[in-house]
Amino acid sequence: MLSFLVSFPLSLFDKEFNDAQKHKNTRVNEANQHSIGSAAATLHFTGQIKDLPKLCLVLLKNFTYLLLVLRDVINSFLMNAFITFMPKIFQNAFSITAGLSSIITGSIVVPVGVFGNILGGYVIKWRKLRCRQTILLCTILEGIGTVLTFSFLIKCYRINLAGIDSAYNQSSLHGILQMCNEECGCSNIYNPVCDEALGVTYFSACYAGCQYEGKAENASFSERKIWQSCSCTVGYENNTAASSVVQGACLQSCTVMYLFFVCFAFQIFVIFLSAMPSQQSMLRCVTFEQRTLALGLDYIFVRALGL
């Protein structure tokens, strides 16, 4: 219903805008005849379904067009992966809370992406780039983006995980399953908690032997849960505050984290900056009559393969 309401005003426009035919006749055809083939010069879409397979075949033989489609598919896949998994990557690589990780991801992707998209369109108009120049610009930007992927090697040192990196309290057993939590029936879902007294991270509150959830405390951008009466901690036998743990891995000082944020923001900027040049290159490397079909096929490939 919402789609109908949005599309209804579009149906009120004329079939062609004023001077559209004049603009079409005077437009310089920048299509590469070697990549399209001689069939593109004579084959035109007449509105009949029988012509559609032939037009699709001509587009699929256009090597320049296929590379641009591949570029869109890869970048779409990357963006979906960034939006989905970057908060978890931030959380694990830099030991920050899940809420703060999501806020950082959104704060980087949204404004940087909008600015990059607008700037990409402005550069084409400002420099009056032609087809070869826009393709060259896309190639340079994708090369920069590829180099920036090595920034994912940046991470802080490992967290001190109980049972893996250090022993449990007064236990010589190796592993997260210990005598203090063996009767808890813990699941294997990683939901770390921190013993702030020792700076030790437990796999989950269950594996820390915690019996009940305490009152949440305010933390930056979010509230952290407190788990109390944790039998695997040092202060449990003395019934002190040290027997409690807080939600999230133990935070550690990490200056390289900010370098990674800058590299990630620049990578997002490069991806969105190349979006408009890529689309313009796609429209210019095919004949005028095939432009709408070229965009349609590109959308199908992006949605099917770019997830």
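Residues numbered from 1 in each chain as written. Predicted model: local features only at pLDDT ≥ 70, side-chain atom pairs only at ≥ 80, totals over all residues. Heavy atoms only, no water.

**Points about the pattern of salt bridges**
Line of reasoning, step 1. Scanning all chains against the criterion turns up two salt bridges.
Line of reasoning, step 2. Of the charged contacts in the structure, one is a salt bridge between R71 and D72, with a shortest N-O distance of 2.6 Å. D72 carries the same exposure label as R71, and that label is buried.
Line of reasoning, step 3. Between R71 and E142 there is a salt bridge, with the nearest N and O atoms lying 3.1 Å from each other. Residue R71 is found in helix α6 (residues 63–94), and its partner E142 is found in helix α8 (residues 131–148); the two are separated by 71 residues along the sequence.
Line of reasoning, step 4. With relative accessibility at 23%, the residue E142 sits in the partly exposed group.
Line of reasoning, step 5. Among the charged side chains, a salt-bridge network with shared partners connects R71, D72 and E142. (Salt bridge = Lys/Arg side-chain N within 4 Å of Asp/Glu carboxyl O. Buried < 20%, exposed > 50% of the residue type's maximum accessible area, 1.4 Å probe, protein only. Helix = DSSP H or I, 4+ residues; strand = E, 2+ residues; numbered from the N terminus.)

**As for the nonpolar core**
Line of reasoning, step 1. Judged by nonpolar contacts, the single largest core of 21 residues is most densely connected at F90, F94, F260, F261 and F264.
Line of reasoning, step 2. For this core, the elements supplying multiple residues, two or more each, are α6, α7 (98–127) and α9 (256–273).
Line of reasoning, step 3. Residue contributions to this core peak at seven residues, all from α9. (Core = buried A, V, L, I, M, F, W, Y, C linked by side-chain atoms within 4.5 Å.)

**Focus: the environment of T84**
Line of reasoning, step 1. Note on placement: T84 falls in helix α6.
Line of reasoning, step 2. Residue T84 is classed as exposed on the basis of its relative accessible area, which comes to 52%.

**Comments concerning α8**
Line of reasoning, step 1. Its 18 residues place the ends of α8 26 Å apart at the C-alpha level, agreeing with the 26 Å of an ideal helix rising 1.5 Å per residue.
Line of reasoning, step 2. Considered for burial, the residues of α8 that qualify are C131, T134, C138, L141, G145 and L148. All buried residues of α8 lie within an arc of 105° about the axis, which places them on one face of the element. Turned more than 90 degrees off the buried face of α8, the exposed positions are R132, L136 and V147.
Line of reasoning, step 3. Each element contacted by the buried residues of α8 is listed here: α7, α9 and α10 (275–284). (Expected span 1.5 Å × (residues − 1). Arc of directions from axis to C-beta. Contact = heavy atoms within 4.5 Å.)

**Considerations on unusual backbone geometry**
Working note: non-glycine residues mostly have negative phi, and peptide bonds are mostly trans.
Line of reasoning, step 1. Non-glycine residue K128 carries a positive phi angle of around 50°.
Line of reasoning, step 2. As for its placement among the helices and strands, K128 is situated in the loop between α7 and α8.
Line of reasoning, step 3. Despite not being glycine, S229 has its phi angle at roughly 55°, a positive value.
Line of reasoning, step 4. One can find S229 in the loop between β6 (226–228) and β7 (245–247).

**Quick word on the UniProt feature "transmembrane region" (unreviewed entry) in the protein**
Line of reasoning, step 1. In the numbering used here, UniProt assigns the "transmembrane region" (unreviewed entry) feature to residues 63–83, 103–123, 135–154 and 256–275.
Line of reasoning, step 2. Counting secondary structure, residues 63–83 comes out at 100% helix and 0% strand; the distance between its end C-alpha atoms is 30 Å.
Line of reasoning, step 3. Note that residues 103–123 is 100% helix and 0% strand, and that its end C-alpha atoms are spaced 30 Å apart. (UniProt positions renumbered as here; feature names shortened; annotations may be inferred.)

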